[in-house]
Amino acid sequence: MLSKSKVGVVTWCKSRNYGTNLQAFALINKLRDLGYESFLIEPFDRQCFSWKSTIKYYLKNAGLLDLINRPKTLDVQGYKLSEFMIEDIPQKQVYTHKEYQKLLLDFKVFISGSDQIWNPNYVNEFQLLGFATNCKKIAYASSIGTSMIPDDKKELYINNLSGFDHISLRESTGARIISELLPEKNPRTVLDPTFLLEPEEWTAFGKKGVLEFVLPARYLLVYLIGNQSFYSDYIKNIASHYDDIPIIIIKSIENEGFNIEGAINYQDAGPREFVKLISYATAVCTDSFHACAISINLSKQFVVLKRHSDETLESQNSRIYDLLTHFNLSDRLFDSINARLNEINYTDISCQLRNERSECINYLQNSIEH
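Position labels on residues start from 1 in each chain and follow its written sequence. Local features in this predicted model are restricted to residues whose pLDDT is 70 or higher, and side-chain atom pairs enter the listing and the counts only when it is 80 or higher, whereas totals over whole chains, interfaces and linings include all residues. Based on all heavy atoms of the structure, the side-chain values leave hydrogens and waters out of the count.

**Comments concerning the pattern of salt bridges**
To be explicit about the condition: Each reported salt bridge corresponds to a side-chain nitrogen of Lys or Arg within 4 Å of a carboxyl oxygen of Asp or Glu. Counting from the N terminus, the helices are the DSSP runs of H or I reaching at least four residues and the strands are the DSSP runs of E reaching at least two. Relative accessibility under 20% of the residue-type maximum defines a buried residue, over 50% an exposed one, and the middle range a partly exposed one, all with a 1.4 Å probe and only protein chains included.
Enumeration according to the criterion identifies 15 salt bridges in this entry. Among the ionic pairs, E273 bridges to K80, the shortest N-O distance being 3.6 Å. In this pair, E273 is assigned in helix α10 (residues 271-280) and K80 in helix α4 (residues 76-88), connecting sequence segments 193 residues apart. Grouping residues by exposure puts E273 and K80 together as buried. For the salt bridge of R272 with E83, the shortest nitrogen-to-oxygen distance reads 3.7 Å. Here the residue R272 occupies a position in helix α10, and E83 occupies one in helix α4, the gap between them amounting to 189 residues. R272 gets classed as buried once you look at its relative accessible area, which sits at 7%.

Now the structure itself:
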């Protein structure tokens, strides 16, 4: 039994994308709840440890690296993100070949985590755990994010994933794609890591957030990563459904210029404030996968706007479609100005989620132990 062993997690983190950071937090937090000493493994190239990384190694041992890396000036959002990373995401850095060898001795299990870690537009050997020789390799809720893998990338996936002990993906579309490449691996679908935490855990996490303004009693929360021309009209229509309640817009790094006249524009939200604003919202309007996921987990009314055209190669719509279909919520996609907006009854969904959360936690633990 590998209880209390160290588990290394490879996933995206540290950006100003809320979902990226929250899914990493959720997976690492759940692993620690299960008794595993878990760390985010910072990206490194085992084939290329440069003189710069060697200098960083000696500075770290002298206790000077944190002092040098400490941000001199940060905006409010940057400070909150930095605080979150220090307090909530234990991290492991590898700077030299010696440290790499020690990593493989200390960590016998590595998990390729969620988000779009396997998106063919960004994937590399590190994210496919190519460095983890003679170690157990697990994929938990890894996401491809698109509906296909280009032919010129298939060999990269096959060569690296053939060494995995257990493979699970976040979307059924992704599981189908990997099944076609490696049918013997029998990949399964599991919940996004954010679903591994109970609603009460997310509520407690959000309560630590500090807002710089007074929350209205009722409000429509808007968080958009895309920038479609129809967004403003659709949002105004959705707000009218809720008797024209105030609109709060969380600014995304990808769409900082989006605005609606009269709305409260909030650009200082860190990960905790993001969750806090969802938890208190009357309704949520978004094109973000993780804003949808957390809304479902917290039993919030929400509406999804389509970020991409289905015909574009960079479309990431399949992951949202799979999520909505999984919970029988396809009608939350607001794809017409006259679309009907019904109230979500969460009785059956909450029961489904409780059962699947338990199954996924068991799968995660069994994958580590066996």
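**Thoughts on α10**
Within α10, nine of the 10 residues are buried, which leaves the element mostly enclosed by the surrounding structure. Of the residues making up α10, those classed as buried are P271, R272, E273, F274, V275, K276, L277, I278 and S279.

**A few points about the environment of D106**
The cut-off we apply is this: Any N or O atom pair separated by 3.5 Å or less is treated as a polar contact, with the protein-specific requirement of one donor-capable and one acceptor-capable atom, and with residues adjacent in sequence counted only for side-chain atom pairs.
Tracing the chain through its elements places D106 in helix α5 (residues 97-106). Here K102 takes part through its side chain, which lies 2.6 Å from a polar atom of the side chain of D106.

**A look at the sheet that holds strand β2 (residues 37-41)**
Selection criterion: When DSSP finds at least two bridges between two strands, those strands are taken to pair. Residue contacts are defined here by distance: any two heavy atoms, one from each residue, within 4.5 Å place the two residues in contact. Each axis is a line fitted through C-alpha atoms, taken for helices only over the stretch in contact, and angles between the N-to-C directions span 0 to 180 degrees.
Read across the sheet, seven strands follow the order β3-β2-β1-β4-β5-β6-β7 without closing on themselves; strand pairing throughout is parallel. The open sheet has two edge strands, β3 (91-92) and β7 (188-189), and neither has a second partner. Relative to β7, strand β6 (residues 166-169) runs parallel, the two sharing two bridges. Of the residues in β7, the one forming a bridge with S168 is R188. On the sheet, helix α1 (residues 18-33) packs against β1 (6-10), β2, β4 (107-112) and β5 (136-142) and is oriented at approximately 160° with respect to β2.

**Some remarks on the environment of S288**
Relative to the helices and strands, S288 is located in the loop between β11 (283-286) and α11 (289-297). Owing to a relative accessible area of 6%, S288 belongs among the buried residues under this scheme. For the pair S288 and Y223, spaced 65 residues apart in the sequence, the C-alpha separation amounts to 7.3 Å. Those residues within four positions of S288 in sequence are excluded, and the remaining contacts are Y223, I225, R307 and I320. At 3.1 Å, the side chain of S288 and the backbone nitrogen of A291 are in polar contact.

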